[in-house]
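# Notes for the structure review
Letter by letter, the chains look like this.
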Amino acid sequence: MIAIDLAIIWAFIIAFAVFVYVVMDGFDLGLGILFPLFPEKRDRDVVMNSVAPVWDGNETWLVLGGGGLMAAFPLAYAVLMPALYTPMIVMLLGLVFRGVAFEFRWRTTAQRNRWDIAFFGGSLLATLAQGIALGAILQGVHVEGRSYAGGWWDWLTPFSILTGVSLVVGYALLGATWLVMKTEGELRDRAYHLSWVLLLAMLGTIAAVSIATPFLHIQYTERWFAWPNVLMTAQVPISVAVVTALLLRSLARKYDYQPFFLTLALFALSYAGLGISMYPYIVPQSITIWQAAAPANSQIFMLFGVAALIPLILGYTAWAYWVFRGKVKPESGYH
Amino acid sequence: MFEGWDAVVLARAQFAFTMSFHIIFPAFSIGLASYLAVLEALWLWTGREVYINLFNYWLKIFAVAFGMGVVSGIVMSYQFGTNWSAFSDKTGPVIGPLMAYEVLTAFFLEAGFLGVMLFGLQRVGPKLHFLATLMVAIGTLISAFWILSANSWMQTPTGHAINADGQFIAADWLKVIFNPSFPYRLVHMVLAAYLTTALVVGAVGAWHLLRDRHLAGPRVMFSMAMWMATLVAPIQILAGDQHGLNTLEHQPVKIMAMEGHFQSHKDGAPLILFGLPNQSAGRVDYAIEVPKLGSVILKHSPDAPMAGLDTVPRENWPPVPITFWSFRIMVGMGLLMLALGLFSLLMRVQGKLYDSRLLHLFAVAMAPAGFIAVLAGWITTETGRQPFTVYGLLRTAESASPLAAPAVASSLIAFIIVYFAVFTAGVIYLLRLMAAPPHPGEEGPSHEVPIRSAGITPAAGAVTEGAAR
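Residues numbered from 1 in each chain as written. Chains lettered and ligands numbered in written order. Predicted model: local features only at pLDDT ≥ 70, side-chain atom pairs only at ≥ 80, totals over all residues. Heavy atoms only, no water.

Moving on: the overall build of chain B. Of regular secondary structure, chain B possesses 14 helices and six strands. At 24 Å, chain B has a C-alpha radius of gyration in line with the 23 Å of a compact globule built from 469 residues. Dimensions of chain B along its principal axes, counting C-alpha atoms only, are 65 × 50 × 45 Å. Residue burial in chain B is summarised as follows: out of 469 residues, 61% are buried. When contacts within chain B are restricted to residue pairs at least 6 apart in sequence, long-range pairs at least 24 apart make up 77% of them. For chain B, the accessible surface area stands at approximately 17600 Å², while carbon and sulfur atoms represent 70% of it. The centroid of the 26 positive side-chain charges in chain B is displaced by 7 Å from the centroid of its 26 negative side-chain charges. (Helix = DSSP H or I, 4+ residues; strand = E, 2+ residues; numbered from the N terminus. Rg over C-alpha atoms; globule rule 2.2 N^0.38 Å. Buried < 20%, exposed > 50% of the residue type's maximum accessible area, 1.4 Å probe, protein only. Contact = heavy atoms within 4.5 Å. Areas by Shrake-Rupley, 256 points an atom, 1.4 Å probe, with all protein chains shown as cover. Lys, Arg positive; Asp, Glu negative; His and termini not counted. Charge placed at Lys NZ, Arg CZ, Asp CG, Glu CD.)

Laid out in structure tokens, this is it:
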């Protein structure tokens, strides 16, 4: 009989949920980050219209990531959340501001500017907090027994600031390439221009994080550079180079769809890199996925739900995107 | 001044605050989603324009309320980890899957079809659009199913075991999900959501009827809302009574706190109508009570003995004054709803439903009654469970995160500031939307409106705003 390793299956499911969240809410958070660069009301309306029907579904993946973590790896959830207390609270408050801005800015003329700022500020803060949280996880947290034992500012280091800024740049690039895909005319031209700048910036941050990570722990170094691991791990930077070349070409040729999907590929590669660094730890250097795993009957009970429902969810989500496919026309949103 | 405000108390305050804010919006949007589905069904069935006008009118209100529910709900889902990490570690294997199922079966369904419901009528046509509306409405109900199952398990835990790490694990998932108090709690909450929505819809209808009693939209919504109050308020009181009996069976200490029964009564307990519960002295001061009625209500026998808090160790007492008063507020609101329903039935029978100014004023005044009742009911059940998070098994003090008080205090202050700023604005926008009556041609499928933002064009929004000033 082949033993099925539930912890590995669940690690993949949680990683999948978080990745879907990152790429889906990533681009609409990115739109918020780019908001100040589109000062005209007309453009801002288009930017917002391009995601208004789908952003809510995007953000639900964050709830699945958190809820799934609590259900499948309660110990990791219980250790990480207090360790990331401040970034988590900041992220939640940021999401409150940007989430309500989607509705509120259409309900008022006098205070529209205020909700535009809330949309930008909330998106920026939430993204920065997510990136910082990622860096804080990578650098490891202080665990004693079954709980977090560090201070409440431990998350703040130059490395976590670096990952925070990296994510802001990355989400902004996703947002810009999304706009390339969903808009036309002068707005799209500006999105192309932004994509160039942001792509170069993202390459810089990917390089910086890649160089800094192995210095955090000897395990990371060994994971990436030990022979024969390096034969496999080297595929990641090689793929990054290939995707980057394709992305530059697609921007130069002014393709509509390719830049966005190639940026997603870049995210996927960076994400795979994180996975390679962390595995099999869920709280790096402290708690493995097996130590954190919920009892088997909890994981099996949920596995039925995931197996039956995730394909369905992806199906109707795809349908919703299909319903609102095509370019958002600037003059069609309002009269 | 702040002595005694340790991290646990602050975390409780934060949970109570964020939860109280959050629960208002689902309570409203569960009912409103169903109402929208009914309106659209009536439109598809009868083809009468008034229904689609009402649909589009309430859709805009739904969008704002739902948005606030979503963002405050995301906060809740992470607060278990940030402020209650020990609770998350210990109960995660049981509670976690229930909440994960809520996300998988409800949140995605709502969010996935919400965009089509709000903006998609032109793009998908009426039938598919109705399907989307239906999915959103069903999603809100499924969400209520799972979250109340999780909450009920914390109140009346069954079907579990405890492992070597001190974690609760499920021994029987069906017993966990369908725990003893769950059916009562689910029915009571869903009815509460329907009543809450009906009272808001009725108040908005009445408000506009007070100005012009011939408006078609307000007449329809007022009549529908009053039917709901007439029919559901009595059912809700019955459901509440049954829920109370269930609580007596499984959480007797909570009933003692709700009733103010510090002392045991060997031959028939009184019903204390009002009084000032004095927790330290262990008695109710200035009590106004009806002899034997407590036993009649709870045991259906005037001489049935009732145990009091004097049979319970003091460290297991819930905060009696809060439980006692919030329960009375909830019951009071319920009785007012019953009165409104009966009054409206009387006027309806006499053919004066749209003419009675007194009824309309009463209905307007009752607009917040549902929210007050929901909040009071929630406070009753949650404080009545104290000092436990999992009733009788896990103490609140053993559930909190290992956090310093200043960390929790500053996040609490941040939540209070942000919530008041954001949700005050939201409520103002909701009131503005409600201040204008639904009008013929309320922007709907007859208009060529391509992909839009939040269900209203800015131009129309400006008009609404202007009218409100």
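It is worth spelling out the pairing of strand S4 (residues 283–290) of chain B at this point. All names here are of chain B. In this sheet, S4 lies alongside strand S3 (residues 271–278) in antiparallel orientation, the contact comprising six bridges. Paired with Phe-274 across the two strands is Ile-288, which belongs to S4. Taken together, S3 and the strand that follows it, S4, pair antiparallel across an intervening segment of four residues, in which Gly-282 is found at a positive phi of about 70 degrees. (Pairing = 2+ DSSP bridges.)

Residue pairs spaced three or four apart in an α-helix point in one direction, given the helix's 3.6 residues per turn. All names here are of chain B. Within helix H8 (residues 252–259), seven of the eight residues are buried, which leaves the element mostly enclosed by the surrounding structure. Considered for burial, the residues of H8 that qualify are Val-253, Lys-254, Ile-255, Met-256, Ala-257, Met-258 and Glu-259. Taken from the residues just after H8, Gly-260 is the one with a positive phi, measuring 70 degrees.

Now for the environment of Leu167(A). Residue and element names in this part refer to chain A. Structurally, Leu-167 can be placed in helix H7 (residues 158–182). Here the alpha-carbon distance between Leu-167 and Arg-107, two residues 60 residues apart in the chain, equals 31 Å. Beyond its immediate stretch of four places on either side in the chain, Leu-167 contacts Thr-127, Gln-130, Gly-131 and Phe-267.

Bringing the UniProt feature "transmembrane region" (unreviewed entry) in chain A into the picture now. All names here are of chain A. The sites that UniProt annotates as "transmembrane region" (unreviewed entry) are residues 6–39, 85–105, 117–139, 159–181, 193–218, 224–248, 260–282 and 302–324. In residues 85–105, the share of helix is 95% and the share of strand is 0%. The end C-alpha atoms are 30 Å apart. For residues 224–248, helix accounts for 84% and strand for 0%, while the C-alpha atoms at its two ends are 27 Å apart. (UniProt positions renumbered as here; feature names shortened; annotations may be inferred.)

With that settled, the discussion passes to the packing of helix H1 (residues 7–46) of chain B against helix H2 (residues 49–83) of chain B. The geometry of a pair of packed helices is captured by two quantities: the angle between their axes and the separation between those axes. Residue and element names in this part refer to chain B. Two elements in contact, H1 and H2, have axes whose closest approach is 7 Å; the angle formed by their N-to-C orientations is 150 degrees. Comparing their axes, H2 and H1 come out roughly antiparallel. The two elements H1 and H2 meet at a crossing, and its hand is left-handed. Each residue belonging to the contact of H1 with H2 can be placed in one class, and the counts come to 26 nonpolar, 10 polar and one charged. (Axes fitted to C-alpha atoms, helices over the stretch in contact; angles between N-to-C directions. Parallel < 35°, antiparallel > 145°, perpendicular 65-115°, else oblique. Left-handed = near helix turned anticlockwise from the far one by under 90°. Nonpolar A, V, L, I, M, F, W, Y, C, P; charged D, E, K, R; others polar.)

It is worth spelling out the packing of aromatic side chains at this point. The relation between two aromatic rings is expressed through the spacing of the ring centres and the mutual angle of the planes. Residue and element names in this part refer to chain B. Summed over all chains, the structure comprises 47 aromatic pairs over all chains. Plain terms: the ring middles of Phe-145 and Phe-178 are 5.9 Å apart, the flat faces sit at 70 degrees to each other, and that makes the pair edge-to-face. You can see Phe-145 sitting in helix H4 (residues 121–155) and its partner Phe-178 sitting in the loop between helix H5 (173–177) and helix H6 (182–211), a full 33 residues away along the chain. By relative accessible area, which is 22% here, Phe-145 ends up partly exposed. Ring centres of Phe-415 and Tyr-419 lie 5.7 Å apart, and the angle between their planes is 85 degrees; on these two criteria the pair is classed as edge-to-face. Here the residue Phe-415 and the residue Tyr-419 both occupy positions in helix H13 (residues 405–435), the gap between them amounting to four residues, near one helical turn. (Phe/Tyr/Trp six-rings, centres within 6.5 Å; stacked < 30°, edge-to-face > 60°.)

A few words now on the nonpolar core. Inside soluble globular proteins, nonpolar side chains tend to come together where they are buried. Membership of the largest hydrophobic core comes to 246 residues, with the highest contact counts inside it found for Trp61(A), Phe73(A) and Trp58(B). It is H2(B) that contributes the most residues to this core, 22 residues altogether. Sequence-distant contacts of Phe73(A), that is, excluding residues within four places in its chain, are made with Ala7(A), Trp10(A), Ala11(A), Ile14(A), Gly68(A), Ile282(A), Ile289(A), Ala292(A), Ala293(A), Ala294(A) and Gln299(A). Grouped together as the second largest cluster of nonpolar side chains are 12 residues, Val253(B), Met256(B), Phe262(B) and Leu309(B) included. (Core = buried A, V, L, I, M, F, W, Y, C linked by side-chain atoms within 4.5 Å.)

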